[in-house]
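Chain residues, written in single-letter form:
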Amino acid sequence: MAVPIPSRQLFIDGEWREPILKKRIPIINPATQEIIGDIPAASAEDVEIAVEAARRAFSKPDYWASTSGSCRAKFLRAIADKILERKIELAKLEVVDSGKPIDEAISDMDAVAGCFKYYAELAEALDAKKKIPISIPMDTFNSHVLKEPIGVVALITPWNYPLLMAAWKVAPALAAGCTAILKPSELASVTCLELAEVCRDVALPPGVLNILTGLGPEAGAPLASHPRVDKIAFTGSTATGIKIMTAAAQMIKPVSLELGGKSPILVFEDVDLDNAIEWTLYGCFPNNGQICSATSRLLVHESIAAKFLDELVGWSKSIKISDPLEEGCRLGAIVSEGQYYEISSEVAVEYKKILNFISTAKSEGATILYGGVRPQHLKKGFFIEPTIITDVSTSMQIWREEVFGPVLCVKTFATEEEAIELANDTHYGLGAAVLSKDLGRCERLSKVLQAGVVWVNCSQPCFDQAPWGGIKRSGIGRELGEWGLENYLTVKQVTEYTSDKKWGWYSPP
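What counts, and at which threshold
- Residues numbered from 1 in each chain as written.
- Predicted model: local features only at pLDDT ≥ 70, side-chain atom pairs only at ≥ 80, totals over all residues.
- Heavy atoms only, no water.
- Axes fitted to C-alpha atoms, helices over the stretch in contact; angles between N-to-C directions.
- Helix = DSSP H or I, 4+ residues; strand = E, 2+ residues; numbered from the N terminus.
- Parallel < 35°, antiparallel > 145°, perpendicular 65-115°, else oblique.
- Left-handed = near helix turned anticlockwise from the far one by under 90°.
- Contact = heavy atoms within 4.5 Å.
- Nonpolar A, V, L, I, M, F, W, Y, C, P; charged D, E, K, R; others polar.
- Expected span 1.5 Å × (residues − 1).
- Buried < 20%, exposed > 50% of the residue type's maximum accessible area, 1.4 Å probe, protein only.
- Salt bridge = Lys/Arg side-chain N within 4 Å of Asp/Glu carboxyl O.
- Polar contact = N/O pair within 3.5 Å; in protein donor to acceptor, adjacent residues only side chain to side chain.
- Pairing = 2+ DSSP bridges.

**Student:** So what exactly am I meant to see when it comes to the packing of helix H4 (residues 102–126) against helix H5 (residues 162–176) here?
**Tutor:** To characterise two packed helices, one gives the angle between the axes of the helices and the distance between these axes. In contact at an axis separation of 9 Å, H4 and H5 are set at 15° when each is read in the N-to-C sense. In terms of axis orientation, H4 runs roughly parallel to H5. Crossing geometry of H4 relative to H5 is assigned as right-handed. In this structure, H4 uses Asp108, Met109, Ala111, Val112, Cys115, Phe116, Tyr119, Ala123 and Leu126 to contact H5, whose residues at the interface are Leu163, Leu164, Ala167, Trp168, Val170, Ala171, Pro172, Ala175 and Ala176. Grouping the constituent residues of the contact of H4 with H5 by class yields 17 nonpolar, no polar and one charged.

Set out below in structure tokens:
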């Protein structure tokens with residue numbers, strides 16, 4: 001059964017608004033390669049209108065920024081409830097828009113609602129933390145700190161978890177009292193536009209959240225460089241992150257960046273084989289392998305490598321690859337073939353890009369142990385079998401660069417020291433996983449692995465309460481948890497002289 005796509009406009013100042021240039025972008029279902037609808041394409045003129053709406057909403061007395069955290073929390077909870085009410089509908093929209101399996105999309109909607117509920121709690125707690133006394137060594141002064149919303153924020157989000165990545169930014173920004181302009185990726189914007197409809201349903205005050213869909217150069221770039229935007233939060237490629245950071249630097253504007261990754265998973269000789277194999281698969285192949293934190297570099301101890309890889313291939317063959325709307329699908333379609341949508345100066349060619357990575361690895365001498373091709377039973381759609389690549393050297397492109405697809409490359413190691421050296425030999429530092437029954441070893445490695453997130457005897461679990469982000473070229477700052485809220489707050493020191501005595505530094509004339 002076809003999933004109907006709502007026809008939406010840009011969401012500005014609480015209303016649907018047609019783009020100034022009246023342009024629209026086609027939506028292509030990755031599983032069928034068919035055009036199923038379209039989205040509005042914002043331009044610099046629309047960005048200007050949206051920023052001014054957010055600025056008015058932020059500056060207006062007795063409005064969003066100055067209301068209590070408990071008041072803002074009511075709206076966040078109402079948004080969460082509406083998401084859950086529409087969970088299955090939203091999940092299906094995300095499937096046909098992005099190609100992810102339906103079970104994952106349903107789980108994502110639960111996570112979206114959970115994120116809004118979590119930040120509702122933090123918004124309420126913020127009321128008690130807005131004015132924090134500071135202990136100082138002079139009794140003639142009182143000092144305190146005010147935590148205030150940073151202002152108008154630009155939230156630029158990716159296509160791999162469209163609504164969830166939006167929630168990770170929108171929920172804490174609104175909890176803090178900021179007003180926002182959300183710019184989702186043009187490759188998967190449908191559920192973000194439905195978030196606008198949810199905001200209308202719960203009567204979120206106009207201008208608090210504005211949502212612009214469109215291409216990078218036409219909408220994203222003007223938003224990132226706008227002088228009346230106070231902060232930029234971006235999730236996406238490292239290349240685009242550099243451009244956003246460069247634009248922000250011209251105005252000394254704060255940024256938080258969650259960028260690419262090439263994360264390792266270290267499998268030692270003492271593991272339970274079945275558990276380790278499942279976590280290895282789960283670390284790389286969910287969401288069709290399109291995960292920034294994917295543990296796509298497998299380092300396995302040489303003494304178990306042959307048996308481990310043999311069984312890993314067996315498990316990979318059992319992964320159900322199908323129309324992502326089918327029950328039990330575990331590998332859907334890559335988000336796009338390469339519609340040549342411009343994103344800044346980059347080109348989104350996801351399906352062809354992944355196939356080129358695999359082809360290059362083979363030409364450089366690597367072995368495609370399994371997969372790497374279109375499944376024979378699927379004649380249409382941007383599908384790739386889960387792919388395992390061995391005989392990889394550390395200089396190969398497949399080992400060093402982010403593929404963003406269901407591709408796992410493998411190396412063996414002999415010692416713990418060698419495993420650490422191989423794991424840390426990367427420009428990235430988002431995630432890392434270590435699998436071993438030796439908990440002392442796991443603790444040692446969790447300290448020396450260069451990553452913002454380290455998983456022990458698992459890979460990829462993520463919780464609203466725990467910080468998320470990377471080091472090196474994987475980004476700046478942390479999302480989720482209290483750290484995510486702090487992204488959207490600024491700290492002001494207020495110090496009062498309380499003595500009746502004159503200060504006495506200067507003598508009167």
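That covers the picture; the talk isn't over yet.
**Student:** Could you clarify how one ought to interpret helix H3 (residues 87–98) in this entry?
**Tutor:** The terminal C-alpha atoms of H3 lie 16 Å apart, and with twelve residues this matches the ideal 16 Å at 1.5 Å per residue to within 8%. Considered for burial, the residues of H3 that qualify are Leu90, Ala91, Leu93, Glu94, Val95, Val96, Asp97 and Ser98. If you follow the buried residues of H3, they end up packed against strand E3 (24–29), strand E4 (34–40), helix H2 (69–85), H4, H5 and helix H6 (190–201). Just downstream of H3, Gly99 is the residue with a positive phi angle, here 90°.

**Student:** Just to check I follow, could you spell out the pattern of salt bridges for this structure?
**Tutor:** Any two side chains of opposite charge can pair, given that their charged atoms come close. The full count for this structure, using the stated rule, is 29 salt bridges. As a salt-bridge pair, Glu197 and Arg8 come within 3.7 Å of each other at their nearest N and O atoms. One end of the pair, Glu197, is in helix H6; the other, Arg8, is in the segment before strand E1 (10–12), with 189 residues separating them in the sequence. Across the pair Arg56 and Asp13 runs a salt bridge, and its minimum N-O distance is 3.2 Å. Here Arg56 is found in helix H1 (residues 44–59), whereas its partner Asp13 is found in the loop between E1 and strand E2 (15–17), with 43 residues between them in sequence. A relative accessible area of 29% means that Asp13 is categorised as partly exposed. One network of salt bridges, in which partners are shared, links Arg8, Arg86, Glu89, Glu194, Glu197 and Arg200.

**Student:** I keep staring at the side chain of Thr295 and nothing clicks. Help me out?
**Tutor:** Note on placement: Thr295 falls in the loop between helix H9 (273–282) and strand E13 (297–301). Polar contacts involving the side chain of Thr295 include one to the side chain of Ser459, which spans 2.8 Å. Beyond its immediate chain neighbours, meaning those up to four positions away, Thr295 contacts Ser263, Pro264, Ile265, Gly283, Cys284, Leu408, Ala433, Trp455, Ser459 and Gln460.

**Student:** Sorry, what's going on with the sheet that holds strand E5 (residues 131–134) here?
**Tutor:** Pairing between the strands of a sheet comes from backbone hydrogen bonds, and it takes one of two forms, parallel or antiparallel. What the three strands build is an open sheet, ordered E5-E6-E22; its pairing is antiparallel. In this open sheet, the two edge strands, each paired with only one partner strand, are E5 and strand E22 (489–497). Neighbour to neighbour, the strand axes of the sheet diverge by 25° on average, direction disregarded. Of the strand pairs in this sheet, E5 and strand E6 (residues 141–149) are connected by four bridges, and their pairing is antiparallel. By the bridge assignment, Pro133 is partnered in E6 with His144.

In short, geometric facts, not functional conclusions.
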